[in-house]
Amino acid sequence: MFERILYPTDFSDVAKKALQYVKQLKDAGGREIVVLHVIDQSNLDLLSSYSTIQDYLNIEREIEERAAQEIQFIVNDLKHLGFTVRSRIERGLPFREVLRVADEERPSVIVLGSHGKSNLEEIFLGSVSEKVVRKAGYPIMVVKR
Ligand code: ATP
Ligand code: MN
(Lines give C-alpha, C1' and ligand atoms only; values in the text may rest on other atoms or scores of the structure.)
(Ligands and ions follow the chains in the order given, each with its own letter.)
Protein backbone atom coordinates (compact mmCIF):
# COMPACT_ATOMS: atom_id res chain seq x y z
CA MET A 1 0.00 0.00 0.00
CA PHE A 2 2.95 2.33 0.64
CA GLU A 3 5.41 0.78 -1.80
CA ARG A 4 6.25 3.85 -3.90
CA ILE A 5 6.65 7.05 -1.93
CA LEU A 6 6.96 10.54 -3.36
CA TYR A 7 8.62 12.88 -0.87
CA PRO A 8 8.68 16.53 -2.00
CA THR A 9 10.95 18.68 0.15
CA ASP A 10 11.91 22.33 0.39
CA PHE A 11 14.51 21.31 3.05
CA SER A 12 12.52 23.13 5.74
CA ASP A 13 12.15 21.90 9.33
CA VAL A 14 8.59 20.75 8.66
CA ALA A 15 9.67 18.81 5.56
CA LYS A 16 12.41 17.23 7.71
CA LYS A 17 9.77 16.18 10.19
CA ALA A 18 7.83 14.59 7.30
CA LEU A 19 10.99 12.65 6.39
CA GLN A 20 10.80 10.85 9.74
CA TYR A 21 7.39 9.53 8.68
CA VAL A 22 8.73 8.51 5.28
CA LYS A 23 11.34 6.39 7.07
CA GLN A 24 8.71 4.73 9.23
CA LEU A 25 6.85 3.59 6.11
CA LYS A 26 9.51 0.90 5.68
CA ASP A 27 7.62 -1.30 8.10
CA ALA A 28 4.43 -0.69 6.12
CA GLY A 29 5.95 -2.03 2.88
CA GLY A 30 7.77 1.11 1.68
CA ARG A 31 10.43 0.17 -0.89
CA GLU A 32 11.04 2.92 -3.38
CA ILE A 33 11.31 6.64 -2.65
CA VAL A 34 11.48 9.56 -5.03
CA VAL A 35 12.88 12.64 -3.29
CA LEU A 36 11.79 15.77 -5.14
CA HIS A 37 12.95 19.34 -4.80
CA VAL A 38 11.58 22.15 -6.94
CA ILE A 39 13.68 25.25 -7.47
CA ASP A 40 11.09 28.00 -7.42
CA GLN A 41 11.29 29.78 -10.78
CA SER A 42 9.57 32.89 -9.43
CA ASN A 43 12.43 33.41 -6.94
CA LEU A 44 14.91 33.25 -9.80
CA ASP A 45 12.82 35.67 -11.87
CA LEU A 46 12.75 38.10 -8.97
CA LEU A 47 16.50 37.75 -8.55
CA SER A 48 17.14 38.35 -12.23
CA SER A 49 15.23 41.61 -12.17
CA TYR A 50 17.27 42.95 -9.24
CA SER A 51 20.80 41.85 -10.08
CA THR A 52 23.44 41.95 -12.75
CA ILE A 53 23.70 38.98 -15.07
CA GLN A 54 26.93 37.83 -13.44
CA ASP A 55 25.45 37.99 -9.94
CA TYR A 56 22.38 36.20 -11.19
CA LEU A 57 24.42 33.37 -12.72
CA ASN A 58 26.53 33.00 -9.58
CA ILE A 59 23.55 32.85 -7.28
CA GLU A 60 21.66 30.53 -9.60
CA ARG A 61 24.61 28.14 -9.59
CA GLU A 62 24.85 28.35 -5.80
CA ILE A 63 21.14 27.56 -5.46
CA GLU A 64 21.52 24.56 -7.77
CA GLU A 65 24.61 23.28 -5.97
CA ARG A 66 23.06 23.66 -2.55
CA ALA A 67 19.90 21.85 -3.67
CA ALA A 68 21.98 19.00 -5.10
CA GLN A 69 23.93 18.72 -1.82
CA GLU A 70 20.86 18.77 0.39
CA ILE A 71 19.04 16.21 -1.71
CA GLN A 72 22.09 13.91 -1.84
CA PHE A 73 22.30 13.98 1.93
CA ILE A 74 18.68 12.80 2.17
CA VAL A 75 19.20 10.16 -0.54
CA ASN A 76 22.20 8.69 1.29
CA ASP A 77 20.32 8.64 4.57
CA LEU A 78 17.40 6.75 2.99
CA LYS A 79 19.66 4.34 1.08
CA HIS A 80 21.34 3.35 4.32
CA LEU A 81 17.94 2.33 5.62
CA GLY A 82 17.54 -0.04 2.68
CA PHE A 83 15.21 1.93 0.43
CA THR A 84 15.64 2.20 -3.33
CA VAL A 85 15.98 5.94 -3.82
CA ARG A 86 15.94 8.37 -6.72
CA SER A 87 16.22 12.13 -6.56
CA ARG A 88 14.72 14.72 -8.86
CA ILE A 89 15.42 18.42 -8.97
CA GLU A 90 12.94 20.31 -11.10
CA ARG A 91 12.44 23.97 -11.79
CA GLY A 92 9.16 25.81 -11.98
CA LEU A 93 6.14 26.52 -9.84
CA PRO A 94 6.52 24.14 -6.87
CA PHE A 95 2.93 22.88 -6.60
CA ARG A 96 2.66 22.35 -10.34
CA GLU A 97 5.94 20.43 -10.50
CA VAL A 98 4.92 18.25 -7.56
CA LEU A 99 1.68 17.37 -9.37
CA ARG A 100 3.47 16.78 -12.67
CA VAL A 101 6.10 14.52 -11.10
CA ALA A 102 3.37 12.67 -9.21
CA ASP A 103 1.65 11.89 -12.52
CA GLU A 104 4.95 10.63 -13.92
CA GLU A 105 5.92 8.56 -10.89
CA ARG A 106 2.46 7.31 -9.89
CA PRO A 107 3.31 6.97 -6.18
CA SER A 108 1.32 4.91 -3.69
CA VAL A 109 1.53 7.88 -1.35
CA ILE A 110 2.84 11.45 -1.30
CA VAL A 111 4.34 12.53 2.03
CA LEU A 112 4.83 16.24 2.65
CA GLY A 113 4.81 18.85 5.39
CA SER A 114 1.77 20.96 6.24
CA HIS A 115 4.07 23.98 6.04
CA GLY A 116 7.46 24.75 4.61
CA LYS A 117 10.02 27.53 4.57
CA SER A 118 7.48 30.33 5.16
CA ASN A 119 5.81 28.51 8.06
CA LEU A 120 3.56 31.45 8.92
CA GLU A 121 1.91 31.16 12.33
CA GLU A 122 -1.66 31.96 11.28
CA ILE A 123 -1.73 29.93 8.06
CA PHE A 124 -3.61 26.63 8.23
CA LEU A 125 -1.79 24.98 5.31
CA GLY A 126 1.05 26.23 3.10
CA SER A 127 0.09 26.97 -0.49
CA VAL A 128 2.04 24.03 -1.92
CA SER A 129 0.54 21.46 0.42
CA GLU A 130 -2.92 22.98 0.04
CA LYS A 131 -2.86 22.74 -3.76
CA VAL A 132 -1.30 19.30 -3.79
CA VAL A 133 -3.88 17.95 -1.33
CA ARG A 134 -6.65 19.52 -3.39
CA LYS A 135 -5.49 18.42 -6.84
CA ALA A 136 -3.42 15.26 -6.60
CA GLY A 137 -5.06 11.97 -7.49
CA TYR A 138 -2.96 10.01 -4.99
CA PRO A 139 -3.19 9.33 -1.27
CA ILE A 140 -1.37 11.99 0.73
CA MET A 141 0.13 12.08 4.17
CA VAL A 142 0.39 15.65 5.46
CA VAL A 143 2.72 15.86 8.44
CA LYS A 144 1.76 18.74 10.71
CA ARG A 145 4.37 21.15 12.02
P1 ATP B 1 4.04 29.19 1.36
O2 ATP B 1 5.06 28.58 0.44
O3 ATP B 1 2.66 29.11 0.80
O4 ATP B 1 4.44 30.57 1.77
P5 ATP B 1 5.01 27.33 3.40
O6 ATP B 1 6.38 27.52 2.82
O7 ATP B 1 4.90 27.45 4.88
O8 ATP B 1 3.96 28.32 2.73
P9 ATP B 1 4.52 25.06 1.64
O10 ATP B 1 5.44 25.75 0.68
O11 ATP B 1 3.13 24.75 1.21
O12 ATP B 1 4.43 25.89 3.03
O13 ATP B 1 5.26 23.72 2.09
C14 ATP B 1 4.55 22.57 2.49
C15 ATP B 1 5.33 21.32 2.10
O16 ATP B 1 5.35 21.24 0.68
C17 ATP B 1 6.80 21.30 2.53
O18 ATP B 1 6.96 20.80 3.86
C19 ATP B 1 7.38 20.37 1.49
O20 ATP B 1 7.09 19.02 1.83
C21 ATP B 1 6.58 20.74 0.23
N22 ATP B 1 7.26 21.77 -0.58
C23 ATP B 1 7.13 23.11 -0.48
N24 ATP B 1 7.92 23.75 -1.35
C25 ATP B 1 8.56 22.78 -2.06
C26 ATP B 1 9.54 22.79 -3.11
N27 ATP B 1 10.02 23.93 -3.61
N28 ATP B 1 9.98 21.60 -3.59
C29 ATP B 1 9.52 20.44 -3.07
N30 ATP B 1 8.61 20.37 -2.08
C31 ATP B 1 8.14 21.52 -1.57
MN1 MN C 1 6.78 27.36 0.68
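Right above here is the structure, for reference.
Residues numbered from 1 in each chain as written. Chains lettered and ligands numbered in written order. Predicted model: local features only at pLDDT ≥ 70, side-chain atom pairs only at ≥ 80, totals over all residues. Heavy atoms only, no water.

Concerning the overall build of the protein chain
- Regarding its fold elements, the protein chain presents five helices and five strands.
- Listed by position from the N terminus, the elements making up the protein chain come as β-α-β-α-α-β-α-β-α-β.
- What you see for the protein chain is a C-alpha radius of gyration of 15 Å, in line with the 15 Å of a compact globule of 145 residues.
- Across its three principal directions, the C-alpha atoms of the protein chain cover 50 × 35 × 30 Å.
- Every one of the 145 residues in the protein chain was classed for burial, and the buried ones make up 41%.
- Across the protein chain, contacts joining residues at least 24 apart in sequence account for 78% of those joining residues at least 6 apart.
- For the protein chain, the accessible surface area stands at approximately 8600 Å², while carbon and sulfur atoms represent 52% of it. (Helix = DSSP H or I, 4+ residues; strand = E, 2+ residues; numbered from the N terminus. Rg over C-alpha atoms; globule rule 2.2 N^0.38 Å. Buried < 20%, exposed > 50% of the residue type's maximum accessible area, 1.4 Å probe, protein only. Contact = heavy atoms within 4.5 Å. Areas by Shrake-Rupley, 256 points an atom, 1.4 Å probe, with all protein chains shown as cover.)

Observations regarding the site of ligand 1
- Around ligand 1, a shell composed of 19 residues is seen, among which P8, H115, S118, N119 and S127 lie nearest.
- One nitrogen or oxygen atom from the main chain of G113 is found 3.2 Å from an oxygen atom belonging to ligand 1.
- Between an oxygen atom of ligand 1 and a side-chain N or O atom of S118, the distance comes to 2.6 Å.
- For ligand 1, the accessible surface in isolation is 620 Å², of which the surrounding protein chains cover 87%.
- Looking at the shell around ligand 1, the elements that each hand over two or more residues are β2 (32-40), β4 (109-113) and α5 (127-135).
- Classifying every residue of the shell around ligand 1 gives seven nonpolar, ten polar and two charged. (Near = heavy atom within 4 Å. Polar contact = N/O pair within 3.5 Å; in protein donor to acceptor, adjacent residues only side chain to side chain. Nonpolar A, V, L, I, M, F, W, Y, C, P; charged D, E, K, R; others polar.)

Description of the sheet that holds strand β3 (residues 84-92)
- What the five strands build is an open sheet, ordered β3-β2-β1-β4-β5; its pairing is parallel. A strand with exactly one partner marks an edge of an open sheet, and here the two such strands are β3 and β5 (140-143). Averaged over neighbouring strand pairs, the angle between their axes works out to 20° when direction is ignored.
- Where strand β1 (residues 4-8) lies against β4, two bridges are found, and the strand directions are parallel. Its bridge partner lying in β4, I5 is registered against V109.
- Helix-sheet contacts for helix α3 (residues 53-80) involve β1, β2 and β3, and the interaxial angle to β3 is about 160°.
- Against the sheet, α5 touches β4 and β5, its axis set at about 160° to β4. (Pairing = 2+ DSSP bridges. Axes fitted to C-alpha atoms, helices over the stretch in contact; angles between N-to-C directions.)

Limitation: the analysis is restricted to geometry and does not speak to function.
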